[in-house]
Amino acid sequence: MAEVRGTPAAGEITDVVSSDGEFLGRGYYNPQSRIAVRVLTWRDEPVDREWWIGRLRRAIESRRHGTAGDDDGDARAERLVNAEGDRLPGLIVDRYGPWVVLQALTLGIERRKLLLAELLRELLSPRGVYERSDVPARDREGLERRAGVLLGETPPQRVAIKEHGLELLVDVRRGHKTGAYLDQRGNRLLVQEHVRRHPRRESLTVLNLFSYSGSFGLHALYAGAARVVSVDSSREALELGEECLRHARLPEDRCELIEGNVFELARDYAAAGRLHDVVVLDPPKFAHGRAQVARAARGYKDVNLHALRCVEPGGLLMTFSCSAAIDPELFGKIVSGALVDSGREAQVLARLQAAPDHPVALTCPEGAYLKGLLLRVH
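Residues numbered from 1 in each chain as written. Predicted model: local features only at pLDDT ≥ 70, side-chain atom pairs only at ≥ 80, totals over all residues. Heavy atoms only, no water.

Caption draft 1: Structural detail: the overall build of the protein chain. Within the protein chain one finds 9 helices and 17 strands. Across its three principal axes, the protein chain shows a C-alpha extent of roughly 70 × 45 × 35 Å. A sequence separation of at least 24 residues applies to 63% of the contacts in the protein chain between residues at least 6 apart. Carbon and sulfur atoms make up 48% of the accessible area of the protein chain, which totals about 17,400 Å². Treating the 54 positive side-chain charges of the protein chain as one cloud and the 54 negative ones as another, the clouds have centres 1 Å apart. (Helix = DSSP H or I, 4+ residues; strand = E, 2+ residues; numbered from the N terminus. Contact = heavy atoms within 4.5 Å. Areas by Shrake-Rupley, 256 points an atom, 1.4 Å probe, with all protein chains shown as cover. Lys, Arg positive; Asp, Glu negative; His and termini not counted. Charge placed at Lys NZ, Arg CZ, Asp CG, Glu CD.)

This is the structure:
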C-alpha cells in the first residue's frame, strides 16, 4: 500500500484504489496489522447488514451441498465459515450440535462480532453463540484474547456431537481451537474405514501420537481395532479422551491413554520393537512463521523417523503438518529424509488435507495449512 488518504478509523470499512483513483476493492482497515486492509469485496457495493447476512448465508448453504461430508443430524459438528476461504477474512464459525462458536481473528471482525452473532442466530437458531477469540493471531492485530457468551445460553462443560456415527464429547469453552479439530474429520473417517476393511481387524493395533483427546484412536476402536494407544503431553486432553471413551461405550480395556513426551516415547517404542499396524502422527504447529521453518523441519524429521520405525511392515503411517509455513513440497521432502534414515521403504497411498468444509481461496493459498501423507511402510 503506497499511501493512506484521509483518516480512516481502525476497523472502518475503506476503499482500495489505484494510483489514479480507480476503485479496486473494499475492506476493513487496521493500521496496526501487517495487512492494512483485508478486502471483503472487489465490487463497488455497500458493506452493510444485508451484505454480511448474504455472505454468511452463502457460506452456510454451501455446506448443505456436499462440503460438510457426512450428516449426523442435529448432533453434527462442522465448520460454517472458514475466513478467507469463504471470503470473510478474520472470521471462523463452527457448529457443535445446537451451539455456534465464533472466532474473531481481526479488528474488523472484532468490531462487528455482535452483529455477526445476531445474524447467526437469525440464520441458525442456535441455543447460544459462544466466542473463542482466545488465540495468538489476535496479538498481531493489537487485540486482547477473549472468550465468553455473545448471545443466548452458556454451553455446558461438555457438548455431545456425532461424527461418522461415533458419539464424542467436545469442550467448546476451553478445548483446543474452537473445541475440536474439525479439519481432521475426513482423515478420521479414513482411519475408521481402513480398520473396518482390514482382513485381521481382530488383532489390529493403532498408535496415535499427539492424540489430544484421542479422536483418531476412538474412531479406530469404533471400527473394531483390537488395541489403541494414544499419547499426548496434556493430562487435561487425555481426561477428555477418557470421558469420550466412556460416553461412546467403547471397550476401555482395549484403549490406553498415555501422558508423556511423544518424541521420547516414539523413540523408546522404536528401539524396543513395539510395532503397530497403524500409526497416526498429528503434531501441533512447529513453525509459527518463516523464521522457524528450519527448526521445525528438524522436529518434523525426528518425530517422523521414529514413527516410521514404529510401523509394522505392511502397515500404515498417517503423518501431518499443520504449519502453514511448511508447504506440501517441503513436508514431503522432510518425510522422505526421515524415511531414508529409518532404513524403511514406503509408498504414498494418498495426500491428505483438511475436511471439505475448510475451503481454501485460490487468492489465499496459505489457508491450506494442513497437509498430510498416508504411507504404506515396508
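Caption draft 2: Layout of the pairing of strand β12 (residues 227-232). Of all the 6 residues making up β12, 5 are buried; the element is thus mostly covered by neighbouring parts of the structure. For the crossover from strand β11 (residues 205-209) across helix α5 (residues 215-222) to β12, the handedness is right-handed. Traced from β12 through helix α6 (residues 235-247) to strand β13 (residues 255-259), the parallel crossover comes out right-handed. (Buried < 20%, exposed > 50% of the residue type's maximum accessible area, 1.4 Å probe, protein only. Right-handed = clockwise from strand over helix to strand, strands pointing away.)

Caption draft 3: Spotlight on the packing of aromatic side chains. The full count for this structure, using the stated rule, is 8 aromatic pairs. Pairwise contacts between aromatic rings join Phe-210, Phe-263, Phe-286, Tyr-300 and Phe-331 into one cluster. In this structure, Arg-274 is placed above the aromatic ring of Tyr-269, and the distance from its NZ or CZ to the ring centre is 4.1 Å. (Phe/Tyr/Trp six-rings, centres within 6.5 Å; stacked < 30°, edge-to-face > 60°. Lys NZ or Arg CZ within 6 Å of the ring centre and 35° of its normal.)

Caption draft 4: Here's a closer look at the pattern of salt bridges. Following the criterion strictly, the structure yields 32 salt bridges and no others. We note a salt bridge from Arg-63 to Asp-86, for which the minimum N-O separation is 2.8 Å. Pair noted here: Arg-63 is in the loop between α1 (49-62) and β4 (77-82) and Asp-86 is in the loop between β4 and β5 (91-96), with a separation of 23 residues, a long-range link. A residue is classified by how much of its surface remains accessible, and Arg-63, at 6% relative accessible area, is buried. Two residues, Asp-183 and Lys-177, come together in a salt bridge whose shortest N-O distance is 3.1 Å. (Salt bridge = Lys/Arg side-chain N within 4 Å of Asp/Glu carboxyl O.)

Caption draft 5: Examining helix α7 (residues 262-272) more closely. Within α7 the residues assigned to the buried category are Val-262, Leu-265, Ala-266, Tyr-269 and Ala-270. For α7, the angular spread of the buried residues around the axis is 130°, confining them to a single face. Along α7, the residues that are exposed and aim more than 90 degrees away from the buried face are Asp-268, Ala-271 and Ala-272. Of the surrounding elements, those touching the buried residues of α7 are β11, β12, β13, β14 (276-281) and α8 (293-308). The N-capping residue of α7, defined by a side-chain oxygen 2.9 Å from the backbone nitrogen of Phe-263, is Asn-261. In the stretch just after α7, Gly-273 is the one whose phi turns positive, near 70°. (Arc of directions from axis to C-beta. Polar contact = N/O pair within 3.5 Å; in protein donor to acceptor, adjacent residues only side chain to side chain.)

Caption draft 6: Summary view of the sheet that holds strand β6 (residues 99-104). With mixed pairing, 5 strands are arranged side by side in an open sheet as β4-β5-β6-β7-β8. Single-partner strands in this sheet number two, and they are β4 and β8 (146-152). Each strand axis lies, on average, 20° off the axis of its neighbour in the sheet, ignoring direction. Relative to β5, β4 runs antiparallel, the two sharing 5 bridges. Note that in β5 the partner of Glu-78 across the bridge is Arg-95. Contacts between helix α3 (residues 113-124) and the sheet are confined to β4, β5, β6, β7 (128-133) and β8, with β8 contributing the most and set at about 45° to the helix. (Pairing = 2+ DSSP bridges. Axes fitted to C-alpha atoms, helices over the stretch in contact; angles between N-to-C directions.)

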